[in-house]
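Secondary and tertiary structure notes
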Amino acid sequence: DKYKTWMPKFLMAKEEKDQRKSSNDVERNTFKVKKSNAEKSKKMGKEEKFFRETFKYDKEINVINTATAECSVASKRRVDLPVTAGEQLDVIDVTEGNTVICRNSEGRYGYVLVEHLNFR
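Described in the following lines is the structure provided in the data block. Predicted model, so just to flag it, every value in this text is computed and none were measured.

Regarding the overall build of the protein
For the protein, the count of helices and strands is 3 helices and 5 strands. Secondary structure elements of the protein, listed N to C terminal, follow the sequence α-α-α-β-β-β-β-β. Sequence separation of 24 or more characterises 46% of the internal contacts of the protein that already satisfy a separation of 6 or more.

Dropping the structure here:
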């Protein structure tokens, strides 16, 4: 028993090492923000700012409905939203004519033709 005090830490049993960790060490790990989430929210903020400037949209952004894209459509203009078949889109606003303003999962906004969407 008297020789345990000078024994190096790497020779100690794994259970003993785990008991030495305090609860504070464990709590600190739960509050770390993943870098990818922070970058994603920053990118979505940029997209929203670009959307408000381009579309001159000053209303609050509310999701009216969700829709699924029936087919893949490439965008011809910057204001059009490119969609892929089966993609989930949030409908933000209805415009005059046959287009709606949508947001995709990446946070990009743009016009999508109603005929390309399937509303549930």
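Side note on unusual backbone geometry
Among all residues except glycine, the phi angle is most often negative; among peptide bonds, the trans geometry is most common. Phi is positive for Lys-56, which is not a glycine, with a value near 50 degrees. Within the secondary structure layout, Lys-56 lies in the loop between helix H3 (35–55) and strand E1 (65–69).

Looking at the pattern of salt bridges
Under the counting rule described, the total for this entry stands at 5 salt bridges. We note a salt bridge from Arg-78 to Glu-47, for which the minimum N-O separation is 3.9 Å. Here Arg-78, found in the loop between E1 and strand E2 (88–94), pairs with Glu-47, found in helix H3; they are 31 residues apart in sequence, far enough to count as distant. Of the charged contacts in the structure, one is a salt bridge between Asp-80 and Arg-77, with a shortest N-O distance of 3.0 Å.

Observations concerning the sheet that holds E2
Whether parallel or antiparallel, the strands of a sheet pair through hydrogen bonds between backbone atoms. Taken in spatial order, the 5 strands of this open sheet run E4-E3-E2-E1-E5, and their pairing is antiparallel. Taken across any chain shown, the strands that pair with only one partner, and hence form the sheet edges, are strand E4 (109–113) and strand E5 (117–119). Going across the sheet, the axis of each strand differs from the next one's by a mean of 50 degrees, ignoring polarity. By the bridge criterion, 4 bridges tie E1 to E2 in an arrangement that is antiparallel. Its bridge partner being in E2, Asn-65 is matched across the sheet by Val-91.

Focus: the pairing of E2
When a strand is regular, its side chains alternate between the sheet's two faces. Sheet topology note: the E2/strand E3 (residues 99–103) ladder contains 4 bridges and is antiparallel. For Val-91, the partnering residue across the bridge sits in E3 and is Cys-102. Hairpin geometry of E2 and E3 is characterised by an intervening segment of 4 residues between the two adjacent antiparallel strands and by a positive phi of about 95 degrees at Gly-97.

Topic: the pairing of E4
Two elements, E3 and E4, share 5 bridges in a ladder whose sense is antiparallel. Pairing of Ile-101 across the sheet is with Tyr-111, part of E4.

Let's talk about the packing of aromatic side chains
In total, this model carries 4 aromatic pairs according to the counting rule given. Ring geometry for Phe-51 versus Phe-55: centroids 4.9 Å apart, planes at 45 degrees, classification tilted. Pair noted here: Phe-51 and Phe-55 are both in helix H3, with a separation of 4 residues, about one helical turn.

Overview of the environment of Thr-68
Mapped onto the elements of the fold, Thr-68 is located in strand E1. You can call Thr-68 buried: its relative accessible area is 17%. C-alpha separation for the pair Thr-68 and His-116, spaced 48 residues apart in sequence, amounts to 8.6 Å. In contact with Thr-68, not counting residues within four places along its chain, are Gly-86, Glu-87, Gln-88, His-116, Leu-117, Asn-118 and Arg-120. Within the structure, the side chain of Thr-68 is placed 3.3 Å from the side chain of Gln-88, a separation counted as a polar contact.

Conventions used here
In every chain, residue numbers begin from 1 and rise along the written sequence. Where totals are concerned, whole chains, interfaces and linings use all residues; where local detail is concerned, this predicted model gives features only for residues with pLDDT of at least 70, and gives and counts side-chain atom pairs only at 80 or more. Only hydrogens and water are set aside when side-chain values are computed; all heavy atoms of the structure are taken into account. In this text, helices come from DSSP runs of H or I with a minimum length of four residues, and strands from runs of E with a minimum of two, each type numbered from the N-terminal end. Any two residues whose heavy atoms approach within 4.5 Å are treated as being in contact. Any carboxyl oxygen of Asp or Glu that lies within 4 Å of a side-chain nitrogen of Lys or Arg is treated as forming a salt bridge with it. Only strands joined by at least two bridges in the DSSP assignment are considered to pair. To get an axis, a line is fitted to the C-alpha atoms, and for a helix only the part in contact is used. The angle between two axes follows their N-to-C directions and goes from 0 to 180 degrees. Two rings from Phe, Tyr or Trp (for Trp, the six-membered ring) form a pair when their centres are within 6.5 Å of each other. A pair whose planes differ by under 30 degrees is stacked, one over 60 is edge-to-face, and the rest are tilted. Only protein chains enter the accessibility calculation, which uses a 1.4 Å probe; a residue is then buried when its area is under 20% of its type maximum, exposed when over 50%, and partly exposed in between. We define a polar contact as two N or O atoms separated by no more than 3.5 Å, with the added condition that, inside protein, one atom must be a possible hydrogen donor and the other a possible acceptor, whereas residues neighbouring each other in sequence contribute only through side-chain atom pairs.

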